[in-house]
Amino acid sequence: MAISRRRFLKITGATFGAVAATSAINPVIKGAKKIEEKTVKPVKGIVKIPTYCDICFWKCGAVAYLKDGKLWKIEGNPEDPLSKGRLCPRGTGGIGAHYDENRLKAPLLRKGSRGKEEFVQVTWDEALDFIARKMKKIKSDYGPESMVLFSHGVGGTFFKHLMKAYGTPNLTAPSFAQCRGPREIGFDLTYGDAIGSPERTDLKNAECIVLIGSHIGENMHNTQVQEFSAAVEKGASIIVVDPRFSVAASKAKYYLPIKPGTDIALLLAWMNVIVNEKLYDEEFINKYAFGFEQFKYEISKYTPEWAYIETTIEPELIRKTAREMARYKPATIVHPGRHTTWYGNDTQRSRAIALLNALMGNWGKKGGFYLPYKYEIPKYPYPPYPKPAREAADNPNHKYPFAEGEKLSTGLREATLTEKPYPIKGWFVYGTNLTQSLPNRKETIEAIQKLDLIVVVDVVPSEIAGWADVVLPESVYLERYDDLNTPLFREGFVSLRQPVVDSPHDQKPNWWIAKKLGEKLGLQKYFPWKNIEEYLDTRLKLAGLSLKELKKKGVIKAPEEPVYLDKNEDPEFYTPTGKIEFYSLQLKEKGFDPVPKYTRPEEPPAGYFRLLYGRAPVHTFSKTQSNKLLSDLMQENELWINADVARRMGIKNGEYVRLKNQDGIVSNKVKAKVTERIRTDCVFMVHGFGQQSKMYRKTFEKGASDSQLITRYKVDPIMGGTGMNVNFVTIEWEV
Amino acid sequence: MIEITTTRHNPLIDPSLHIWGWEIPVYLFLGGMVAGMMLISGYFMFSGRYKETNCSCYYLPIMSFILLSLGMFALFLDLEHKFYVWRLYTTFQITSPMSWGSWILILVYPILFANMLMRPHRLLLEKIPHVKKWHEYLHAHPLLIRNLGVVTMFFGAAIGLYTGVLLSSLGARPLWSSSILWMLFLVSGLSGAAAFVHVIAKNVYERELLAKADNGFLILELFIIAVFLIGLSSNSDVHAKAVDLLLIGKFASIFWVFVIGMGIVIPLFIQLLAVNHKIRHTPIAPLMVIIGGLILRFVIVAAGQYSHWYALTN
Amino acid sequence: MARFGMVIDTAKCVGCQDCVVACKTENNVPEGFCRDWIKTEVTGTFPTLHMEIRSERCNHCSDAPCVSACPTGASHYHDVGGIVLVDHEECIGCKACIASCPYDARFVHPEGYVDKCTFCVHRVEKGMDPACVSVCPTHCMHFGDLDDPDSEVNKLLNSRKHHALLPEAGTKPNIFYLT
Ligand SMILES: Nc1nc2c(c(=O)[nH]1)N[C@H]1C(S)=C(S)[C@@H](COP(=O)(O)OP(=O)(O)OC[C@H]3O[C@@H](n4cnc5c(=O)[nH]c(N)nc54)[C@H](O)[C@@H]3O)O[C@H]1N2
Ligand SMILES: Nc1nc2c(c(=O)[nH]1)N[C@H]1C(S)=C(S)[C@@H](COP(=O)(O)OP(=O)(O)OC[C@H]3O[C@@H](n4cnc5c(=O)[nH]c(N)nc54)[C@H](O)[C@@H]3O)O[C@H]1N2
Ligand code: SF4
Ligand code: SF4
Ligand code: SF4
Ligand code: SF4
Ligand code: SF4
Ligand SMILES: [Mo]
């Protein structure tokens, strides 16, 4: 039975009653039955259940409250080192995910052509049989490597496991080549170690914090915000470099309104001043630096006067801020940023940041980069995975020589498009909205058209779900177990996600889906556990803990370990030279600048603005827009435009405009925010809005999508990250 | 440059206050009319001229009764929690003009009934013996009529005062925070009531008298409006900004055209000609006065809600 | 007698609205309404700007015009700490209190009565902080007794520059903003 888009809208939006009604036509909607079957009386009064948050990837420990059996609110778990009892606004609003009216309710099978958003409801058995059949065929026709898993977040654990068992090395997420990749590689090339998530930045003890675009306070990664504010309270000197007067900038002693894309020039000039004036930590550099003399020679030409022309930052301000940083060393930290895929030269910018930090001698020091540790919980004793016959397809011939650690999402998209180095025929997409998170959605869509199978596991009919062959509705985080959280942090701990409420319809948790699909694929030996409780308990028992205990506490801490170096302790650097590489032979060998160099970014043509984007505190990317608690605080995004420019162009505050980019793509209408808080050469909008999935009613074309306008991206030649701040837009009036 | 943004978007509150629609202005207008009517009828009773001015003393009480009830009904319609309306009368809140008002309005009813005894409807006279008795008793005691006149005037003034104080006590709205708003509403009520008699009175003497009185009230009203605006303007910048709303801002056209022009100046001009026998009396002028009075309440209520302490920074 | 109030550090507040969401879940504030909100004031011209971010709500004024305007006594000072409350059962929805509040802190609840911040009296009476205070990730909000010279709120007021909102409106607000 074909269900048209209209029909589908009804189904996804329908309340339980309406779903029950459709079950006459389609008697296999389990959700309907499930609710009827529910006979357990809800507990009267208030019940508290610890879990951890999933509204972003920070994984804050939380406590959910039920009132008379109904989900009431969620608070931070005071025992949790990440949240310290306080969630961020998204976490606090997390219960809205459970109540979201736009939720997917049952598995869907595509009827019309891809992207038409025409589906029929099927049973889980039918859906998983269909997927298993297709995956088996792909395996036999092309080999298991022709399946790709895009998966973001801890919920993907069991799909990663499934795909490895199936035999593909192609597992990826947009959190590397579109996010942290350049930073991790830049630091790895310099210190032989990455920054990680949560970042190992000792913000709360820093006396001077330098933020280069990191818009903490809008970027609501909870612990970072808490620590930043603690530093502000203690009177830390804050230096913020941003073309936009961010919230963090409003807390700063020095605000540097940099011309977008010129940060490397500023970083070089800072280092020039610090080296010339001998303000760096000499002892630290003498002991641990490699190639400092070459570095010193290289940067001698980058005076503040030179940088002024590039960055528009006054030379005196550059000098003053350089001295300010030096004054507080080693308790000065230049934040490495997180979303660092800006201009395609991002690894080098990250390297410059790494080197500036090295001049402060802050590695392993209080107020610098602490040395994190974790609660070691053994992995589940699975049988070994089959070894893929072919290497991952994301980076053929090691075109990007330092694309290490994680796979390139955009590389796998390209492999799908070009069928090189080998054809990719299936995408399994878990918890990532690829049309929003990968640059140039046209390429994503073209790649999808080449597939034999695309499966999307989501909780709402997201944009990417509209392109799927099979859509699988997942239970939201409040309704399921997930794998343990044991991050590297300043305190080692293990935390548990556990169900707080039942799924309202026929949604299933990821582990169940993965196990069932695994069984249908003949991979049952990889799913020896009966259910996830058994899996978790096995892991915990191996560490001398138990699920029962963790269920009660939510968080258990590891014995404390030092996170700073002792006075006489030497840090270890896992670089080829064993030192901090101011001059990188690794880079030189592959034909890259051994010391970061500056190249001038392309200027926007006359009448165009550079399009910048970022976060709003109350939303996570494109995944919270239909959460009523959060959408109530922000329904749509705004276009930030400088007040002078707006006056000249006759744009009024609050008026709707459209953007047109250099490739003629026109955005949805978006409200102008006429403000002093941004430079004249760029505009800014919050990412995640303007989704074009018609079935995702609550979000449909609310605000404009930066992703839609990011048709151009500049690939970092070192590690394959996609610089996305390279698009130019003009403003058109809404007619 | 100062840039203010707020995340608040509460219905009826943002972007500017609009809790009161048509009901409250209508209520204030009707209250003002009743106040004026009671002052007029009370005055004639007090001065013993109730025989010459049969309209004022015989029609106005019943008119007041109807208008007051309509006004209270409008007020009731405005309440958001209607079924709790009785809560008004389980308490007396000394600081609340609205509480005063509710009680005054309740007390006014018996007075109006007493007034109506001056000349009850024929049917009542015939059907209810008590009415006939009281009616006769009243007319047998001119001093009682005099005293009733005083009480009527007193309560009329109280209602008029109340309709103004109701708004001016709400200091959060700069446009209303003027101590003479009550005078404006009272005089406007008087002119409306006079205009009303002017329209319906059959007695030429009474009509002329009230037209003349109305002209006086209108001139007085112009004067009070001027004092009201000047007084507010010189209070503070916030208040000056509020006055600007009427003079040059969002509400200026309605204010100048309907309130000042068509509500006061033009009818005043016509009525001046009429009382000087340059032209014949026309009901148009008094009707304009009455409608002008209604629009005055609308403008003051709407512009007052729009005015704000934050006006300077917004 | 206690006089409850808040001291909010604008130097630390990032305007994240966590306080707003927390209030909504804690107090079941209906969709589309809020008892607290964020106001941002930017002065100057780019790039020399000053920005103050404030988490605002009912000021629980000591001289509350909303209380004196209320004809039924629904709006009243609570015995505990002078918290200004609305008794839903007494409120007739005349909106005089809304018109009298210079901060626009009140609104008409869809069920007809007037609603606003309660200082989370149900929590405060148990010795807890209000929901918005206890959720704030920057720890920029402080709740306590302004009449107690040893309270944290008073210590903050004594040691830092601060201002209240619209003191010229004469309401004696009990929320103070550290600058
Ligand atoms: N244009 C542009 N692109 C960007 C960025 C940007 O700022 N601008 N940011 C980049 C960065 S830093 C990152 S980290 C990435 C993030 O990229 P993504 O991880 O793709 O982030 P979202 O867009 O939030 O997509 C998450 C998807 O998961 C779904 N989802 C939510 N909860 C669940 C769940 O419990 N189960 C399942 N199965 N699905 C769920 C949501 O509905 C949504 O469709 O994007 C990158 N791409
Ligand atoms: N509320 C909320 N918080 C989040 C997320 C979320 O979705 N919602 N996502 C999380 C994730 S995964 C990530 S990766 C982080 C991302 O957050 P961050 O790493 O902090 O920031 P970016 O997205 O890199 O950068 C956005 C800021 O950089 C500025 N900027 C743009 N171009 C330039 C430039 O050329 N030079 C300089 N110096 N600045 C520039 C912008 O004006 C903006 O202020 O946020 C995390 N926190
Ligand atoms: S930072 Fe916020 S959204 Fe992310 S996990 Fe923590 S509370 Fe949840
Ligand atoms: S939660 Fe705290 S930091 Fe966030 S807006 Fe509210 S007061 Fe400010
Ligand atoms: S802020 Fe407004 S509602 Fe709150 S006590 Fe003061 S006047 Fe009343
Ligand atoms: S709306 Fe309710 S609380 Fe407000 S003044 Fe009227 S009766 Fe009192
Ligand atoms: S004190 Fe309670 S009711 Fe008031 S704003 Fe804070 S959370 Fe809301
Ligand atoms: Mo990210």
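No experiment lies behind these values; they were computed from the predicted model shown.

(A) Focus on the overall build of chain A. Each helix and strand in chain A was counted, giving 25 helices and 26 strands. Its C-alpha atoms give chain A principal-axis dimensions of about 80 × 65 × 55 Å. Across chain A, every contact between residues at least 6 apart in sequence was considered, and the portion connecting residues at least 24 apart equals 74%. Counting only carbon and sulfur atoms, one obtains 52% of the accessible surface of chain A, whose full area is about 26,100 Å². Computed over 108 positive and 88 negative side-chain charges, the inter-centroid distance for chain A is 4 Å.

(B) Main features of the site of ligand 4. As a matter of local geometry, ligand 4 sits amid 14 residues, with C:Cys13, C:Cys16, C:Gln17, C:Cys19 and C:Cys136 nearest to it. Residues of the shell around ligand 4, tallied by class, amount to nine nonpolar, four polar and one charged.

(C) View of the sheet that holds strand 9 (residues 237-241) of chain A. Residues and elements named next belong to chain A. In space, the four strands of this open sheet follow the order 10-9-8-12, with parallel pairing throughout. Each end of this open sheet is capped by a strand with a single partner; those strands are strand 10 (254-256) and strand 12 (332-335). Recorded for the sheet is a direction-independent mean angle of 10° between the axes of neighbouring strands. Pairing geometry for strand 9 and strand 10, over three bridges, is parallel. Looking at strand 10, one finds that Ile 239 is bridged to Tyr 254. Helix 9 (residues 222-233) contacts strand 8 (208-212), strand 9 and strand 12 of the sheet and is inclined by roughly 130° relative to strand 8. Across the face of the sheet, helix 15 (residues 346-360) comes into contact with strand 8 and strand 12 while running at roughly 175° to strand 12.

(D) The site of ligand 3, seen in detail. Around ligand 3, the surrounding shell consists of A:Cys53, A:Ile55, A:Cys56, A:Trp58, A:Lys59, A:Cys60, A:Leu87, A:Cys88, A:Arg90, A:Gly91, A:Met220 and A:Asn222. Across the shell around ligand 3, the residue classes break down as eight nonpolar, two polar and two charged.

(E) Region of the structure containing the interface of chain B and chain C. Taken together, the contacts link 39 residues of chain B with 45 residues of chain C. Between chain B and chain C, a total of about 3,700 Å² is buried, with carbon and sulfur atoms accounting for 58% of that surface. Our count for the contact surface shared by chain B and chain C stands at four salt bridges. With a shortest N-O distance of 3.6 Å, B:Arg8 and C:Asp104 are connected by a salt bridge. Where chain B meets chain C, there are 23 residue pairs in polar contact (both at pLDDT 80 or more).

(F) Up close: the interface of chain A and chain B. Contacts between chain A and chain B engage six residues on the former and four residues on the latter. Interface area for chain A against chain B, summed over the two sides, is near 390 Å², with a carbon-plus-sulfur share of 44%. The interface formed by chain A and chain B includes zero salt bridges. At the surface where chain A touches chain B, the tally comes to three residue pairs in polar contact (both at pLDDT 80 or more). Residues of the side of chain A that touches chain B, tallied by class, amount to one nonpolar, one polar and four charged.

(G) Structural detail: the domain arrangement of chain B. Residues and elements named next belong to chain B. Here chain B is described as being made up of domain 1 (18-169) and domain 2 (205-314). Taken over C-alpha atoms, the centre of domain 1 sits 24 Å from the centre of domain 2. Contacts between the two partners involve 20 residues from domain 1 and, on the opposite side, twelve residues from domain 2. Taken over both partners, the interface formed by domain 1 and domain 2 buries close to 1,300 Å², and the fraction arising from carbon and sulfur atoms is 72%. Summed over the shared surface of domain 1 and domain 2, the number is zero salt bridges. Linking domain 1 with domain 2 are three residue pairs in polar contact (both at pLDDT 80 or more), by the criterion used here. Among the secondary structure elements, those contributing two or more residues to the side of domain 1 that touches domain 2 are helix 1 (23-46) and helix 2 (54-58). Within the side of domain 1 that touches domain 2, the residues separate by chemical class into 13 nonpolar, five polar and two charged.

(H) Focus on unusual backbone geometry. All names here are of chain A. The linkage connecting Lys 329 with the following residue, Pro 330, adopts the cis geometry, with an omega of 5°. Within the fold, Pro 330 resides in the loop between helix 14 (315-328) and strand 12. The residue after Lys 420, namely Pro 421, is reached through a cis peptide bond having omega 5°. The topology assignment puts Pro 421 in the loop between helix 16 (409-418) and strand 13 (426-430). Located in the positive-phi region is Asn 397, a residue other than glycine, with phi close to 55°. By secondary structure assignment, the location of Asn 397 is in the loop between helix 15 and helix 16. Judged by relative accessible area, Asn 397 falls into the exposed class, the value being 76%.

(I) Representation of the domain arrangement of chain A. Residue and element names in this part refer to chain A. Along its sequence, chain A is carved into domain 1 (192-372 + 565-589) and domain 2 (609-733). Averaged C-alpha coordinates put domain 1 and domain 2 at centres separated by 29 Å. Facing the 26 residues of domain 1 at the interface are 26 residues of domain 2. Carbon and sulfur atoms make up 57% of the area that domain 1 and domain 2 hide from each other, which totals about 1,900 Å². At the boundary of domain 1 with domain 2, the tally comes to zero salt bridges.

Calculation notes
Residues numbered from 1 in each chain as written. Chains lettered and ligands numbered in written order. Predicted model: local features only at pLDDT ≥ 70, side-chain atom pairs only at ≥ 80, totals over all residues. Heavy atoms only, no water. Helix = DSSP H or I, 4+ residues; strand = E, 2+ residues; numbered from the N terminus. Contact = heavy atoms within 4.5 Å. Areas by Shrake-Rupley, 256 points an atom, 1.4 Å probe, with all protein chains shown as cover. Lys, Arg positive; Asp, Glu negative; His and termini not counted. Charge placed at Lys NZ, Arg CZ, Asp CG, Glu CD. Near = heavy atom within 4 Å. Nonpolar A, V, L, I, M, F, W, Y, C, P; charged D, E, K, R; others polar. Pairing = 2+ DSSP bridges. Axes fitted to C-alpha atoms, helices over the stretch in contact; angles between N-to-C directions. Buried area = accessible area lost by both parts, 1.4 Å probe. Salt bridge = Lys/Arg side-chain N within 4 Å of Asp/Glu carboxyl O. Polar contact = N/O pair within 3.5 Å; in protein donor to acceptor, adjacent residues only side chain to side chain. Domains from an automatic or database assignment. Buried < 20%, exposed > 50% of the residue type's maximum accessible area, 1.4 Å probe, protein only.

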